[in-house]
Amino acid sequence: PERDRPSRLKQFAKGYTNDFSGFRLATGSAGEVGPLARLLNTYYTENQPGVFEHNIVVSIVDRAGVLRDQFFGNTWDPHEIAAAVEKVSSR
């Protein structure tokens, strides 16, 4: 949280896409990030000052803030994510 400000996250993400229309890049204090990470089944640990190891989780949350689906790791099919988002947005 201290190092990864939204501008730095955006710079990092540019290595993957230049279109940020569907993304929200956010961070917060350790007191905010920790509880949110636990709610979203995300683990992280600080290996050295400012450097964290973490798992990869894509979480689908509806407009009411209810966790509806999750995809762990990076081997999921984009169509699976799209179908999960469509299902949540049609509710």
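Each chain carries its own residue numbering, running from 1 in the direction its sequence is written. Where totals are concerned, whole chains, interfaces and linings use all residues; where local detail is concerned, this predicted model gives features only for residues with pLDDT of at least 70, and gives and counts side-chain atom pairs only at 80 or more. To obtain the side-chain values, all non-hydrogen atoms of the structure were used and water was disregarded.

*Asks:* When you look at the overall build of the protein chain in this model, what are you seeing that I'm missing?
*Replies:* Helix and strand definitions follow DSSP, with helices as H or I runs of at least four residues and strands as E runs of at least two, each counted in order from the N terminus. Looking only at helices and strands, the protein chain features three helices and four strands. Ordered by position from N to C terminus, the α and β elements of the protein chain give α-α-β-β-β-β-α. Within the span of the protein chain, comprising 91 residues, buried residues form 15% of the whole. We call two residues in contact when some of their heavy atoms are within 4.5 Å. Nonlocal contacts in the protein chain, meaning residues at least 24 apart in sequence, comprise 22% of its contacts between residues at least 6 apart. Accessible areas in this description were obtained via Shrake-Rupley with a 1.4 Å probe; residue shielding takes into account the shown protein chains only. Looking at the protein chain as shown, the accessible area adds up to about 7,200 Å², and 54% of this sits on carbon and sulfur atoms. In this tally, Asp and Glu contribute negative charge and Lys and Arg positive charge; neither His nor the terminal groups of the chain are included. Here the site of a charge means atom NZ of a Lys, CZ of an Arg, CG of an Asp or CD of a Glu. Taken together, the 11 basic and 11 acidic charged side chains of the protein chain have centroids lying 6 Å from each other. We call a residue buried when its accessible area falls under 20% of the maximum for its residue type, exposed when it is over 50%, and partly exposed in between, using a 1.4 Å probe and counting protein chains only.

*Asks:* I tried to follow helix H3 (residues 78–89) on my own but got confused; where do I start?
*Replies:* Each turn of an α-helix holds 3.6 residues, which means side chains three or four residues apart point in the same direction. A helix's residues, less one, multiplied by 1.5 Å, set its expected span. A rise of 1.5 Å per residue sets the reference length of H3, with its 12 residues, at 16 Å; its end C-alpha atoms lie 16 Å apart and thus fit the reference within 8%. Buried residues of H3: Ile81, Ala84 and Val88, and no others. One face of H3 carries all of its buried residues, which in axial projection span an arc of 65°. The outward face of H3, more than 90 degrees from its buried face, is lined by the exposed residues Pro78, His79, Glu86 and Lys87. Under the rule applied, a polar contact is a pair of N or O atoms within 3.5 Å (in protein, one hydrogen donor and one hydrogen acceptor; residues adjacent in sequence only if both atoms are side-chain atoms). Among the residues of H3, the N-terminal cap falls to Asp77, whose side-chain oxygen and the backbone nitrogen of His79 are separated by 2.6 Å. Working note: the arc is built from the helix axis to C-beta atom directions.

*Asks:* Can you help me understand the pairing of strand E1 (residues 44–48) in this one?
*Replies:* The two faces of a sheet get side chains in turn, since along a regular strand they alternate between them. A pair of strands is considered paired only if DSSP assigns at least 2 bridges between the two. Two elements, E1 and strand E2 (residues 51–54), share four bridges in a ladder whose sense is antiparallel. Pairing of Tyr44 across the sheet is with His54, part of E2. Taking the residues between adjacent antiparallel strands as the criterion, E1 and E2 are bridged by two residues, where Gly50 takes a positive phi near 80°.

*Asks:* Honestly, the pattern of salt bridges in this entry has me stumped. Any pointers?
*Replies:* Pairing between side chains of opposite charge can happen when their charged atoms approach one another. Just to be clear on terms, a salt bridge is a Lys or Arg side-chain nitrogen sitting within 4 Å of an Asp or Glu carboxyl oxygen. Taken as a whole and assessed by the stated rule, the structure comprises one salt bridge. A salt bridge links Asp62 to Arg68, with the nearest nitrogen and oxygen atoms 2.8 Å apart.

*Asks:* Is there a simple way to think about the confidence of the model for the protein chain in this case?
*Replies:* If pLDDT is low for a region, its predicted coordinates should not be looked at in detail. A residue's pLDDT is simply how confident the predictor is in it, with values from 0 to 100. Looking at the protein chain, the pLDDT average stands at 86 and 99% of residues meet or exceed 70. Per-residue pLDDT, averaged within each element of the protein chain, yields its smallest value for helix H1 (residues 6–13) (82) and its largest for strand E4 (residues 67–72) (95).

*Asks:* I tried to follow the layout of surface pockets on my own but got confused; where do I start?
*Replies:* By rolling a water-sized probe across the atoms, one finds the places where empty space is left. Volume-wise, the largest pocket comes out at about 2,100 Å³. Both site types are read off a 1 Å grid over the protein atoms alone. A 1.4 Å probe that fits but cannot get out defines a cavity, while an open set with protein on both sides within 12 Å along at least five of seven lines defines a pocket; lining residues have an atom within 4 Å of a point. Taken together, 35 residues form the lining of the largest pocket, with Leu9, Arg24, Leu25, Ala26 and Val57 sitting closest to its centre. Of all elements in the fold, only H1, helix H2 (30–39), E2 and strand E3 (57–61) reach the threshold of two or more residues within the lining of the largest pocket. A breakdown of the residues in the lining of the largest pocket according to their chemical character gives 19 nonpolar, 10 polar and six charged. Grid points are joined across faces, edges and corners, and a volume is the space filled by probe spheres set on the points. Following the grouping adopted for this structure description, the nonpolar residues are Ala, Val, Leu, Ile, Met, Phe, Trp, Tyr, Cys and Pro, the charged ones are Asp, Glu, Lys and Arg, and the polar ones are all others, Gly among them.

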